[in-house]
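Per-entry structural report
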Amino acid sequence: MNEYDSNRILDLVKPIGYVVTKDPIEADCYVLNTCHIREKATDKVYHDIGRLKKSFRNKKKPMLLVTGCVAQAENEEMFNREKYIDGVVGPQSYHQIPSMIKKIENKINKINSTEFEVIEKFDSLNLVKNSNSKVSSFLTIQEGCDKFCHFCVVPYTRGPEYSRSFDEIIREACQLVANGAKEITLLGQNVNAYKYENQTKTYRLSDLIFELNDLKDLIEAHRECEKLMPILHLPVQSGSSKILKAMNRKHDVEEYTKIITNFKKIKPNIKFSSDFIIGYPGETEIDFQETLKLIEKIRFINSYSFIYSARPGTPASKLSIVKNEVAKKRLVELQKTLERINMQSKKEFLSQTTEVLFENKMKDQNKYFGRDKFLNSVIVESEENLSGQIFNVIINNFNHNSLFGSIVSKKIMQPN
Ligand code: SF4
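Residues numbered from 1 in each chain as written. Predicted model: local features only at pLDDT ≥ 70, side-chain atom pairs only at ≥ 80, totals over all residues. Heavy atoms only, no water.

Here we look at the environment of G87
Formally: Runs of E in the DSSP output that reach at least two residues are strands. Runs of H or I that reach at least four are helices, and both are numbered from the N terminus. Each residue gets one of three labels from its accessible area relative to the maximum for its type: buried under 20%, exposed over 50%, partly exposed in between, using a 1.4 Å probe on protein chains only. Here a residue-residue contact requires only that any non-hydrogen atoms of the pair lie within 4.5 Å.
With respect to the element layout, G87 can be found in strand β3 (residues 87-89). The exposure class assigned to G87 is buried, which follows from its relative accessible area of 0%. It is 5.6 Å that separates the C-alpha atoms of G87 and K110, two residues lying 23 residues apart in sequence. With near-sequence residues (within four places) excluded, G87 lies in contact with L64, L65, V66, F79, M100, I104 and I111.

In structure tokens:
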């Protein structure tokens, strides 16, 4: 989402004369767009600012804006701690950035903009064309969260759930397609919480998908929409229902596996990726073993796993934590399990033909990078420019990051 936001910030400041610089030392204005989901994010920001100060020691100081969730969480405190900062902007106030820059240019005081003005933000963004021209583009459909999982800071930094208007999303998707996007990833803190009501209808995520597929129930969408890829990222966090309850998650393991079974019935080749928090307060060895069991059962691919880290202000931050060495040992074991399954899943592709959407040429090599339907990265050698096109590729090798193959034929994309 920060990648999407950064591009939109750029779209917002273009009309006031700012463009991207290739060389950071040439910058007149620095925007540090931050994420607060992990511990030490704040330290990282001050560290980056330290580096920035050093490189601009003999030059005119650039304007410095700190945006994103660290800005939201730290607020005014940032000005006290670091005088180099000119503006602090929360994720729901990006639309204020052009006017803030103008004020800072005119030497009006330091500016803090951290209100939750999400409606205003998207109203302003909707007026500015999305100029992103990546083959694979992001599109935010929803922001914020009302779920308040006990470990998570998102409800405090991104604010309450807000869904963008159905028409605006479709319009922006059309802009991205016109700019050359061949793949769109719909973003949200909680995409399945998407709910937009107008006078005539309540729109859900499945309505968006059906409309985007060319225009019902999300599981049905996976049955009927050929453009919906057979991969679903469904963060479970733990395989222990006891821990899920302690986390204030709204699902238990039984419900979770039921959902997976229903998806598989509809789309037998579907694969799942997930997020795991290891060492959540109260996690015993038995709870951890249940997580491993779930991983073996679902056979997740391309997942993310971290040791629990307390986020200030969340209910879980008051609980006593699992010993670090225990949590570390569990994480290593869990990642080994995920890795083994990942490698087995990659091995299944050997000698198989798979469709790949190529995104870009790799630096200094005649190699192209793309992704298959399961978001696996695929690399082939080619003299011809493959970017932005879909090819059938036969896979002849793999490692833990990527599949390697050669082009068999080009897939002709049907015009809508
Ligand atoms: S669902 Fe839970 S983990 Fe996800 S953003 Fe909301 S509070 Fe955070």
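Notes on the pattern of salt bridges
This is how it is decided: Salt bridge criterion: a side-chain nitrogen from Lys or Arg within 4 Å of a carboxyl oxygen from Asp or Glu.
Taken as a whole and judged by the stated rule, the model has 22 salt bridges. Note that K102 is salt-bridged to E105, the shortest N-O span being 3.1 Å. Within this pair, K102 and its partner E105 are both found in helix α5 (residues 97-105), separated by three residues, close to a single helical turn. E105 gets classed as partly exposed once you look at its relative accessible area, which sits at 33%. Of the charged contacts, one joins E355 and K373 as a salt bridge, the two residues approaching to 3.9 Å between their closest N and O atoms. With E355 in strand β15 (residues 353-361) and K373 in the loop between β16 (367-371) and β17 (377-381), the pair connects residues that are 18 residues apart, well separated along the chain. Several salt bridges converge on common partners, so that one network encompasses R8, D11, K14, R164 and E172.

So, the packing of helix α12 (residues 253-266) against helix α13 (residues 285-298)
The following threshold applies: Axis definition: a line fitted to C-alpha atoms, over the contacting stretch in the case of helices. Angles run 0 to 180 degrees between N-to-C directions. Working definition: roughly parallel below 35 degrees, roughly antiparallel above 145 degrees, roughly perpendicular at 65 to 115 degrees, and oblique for all remaining angles. When residue character is reported, Ala, Val, Leu, Ile, Met, Phe, Trp, Tyr, Cys and Pro are called nonpolar, Asp, Glu, Lys and Arg charged, and the others, Gly included, polar.
Two numbers describe how α12 lies on α13: the axes approach to 12 Å, and their chain directions differ by 5°. The angle between α12 and α13 places the two elements in the roughly parallel class. Only L294, K297 and I298 of α13 make contact with α12, whose side of the interface consists of V253, Y256, T257, I260 and K264. Counted by class, the contact of α12 with α13 contains five nonpolar, one polar and two charged residues.

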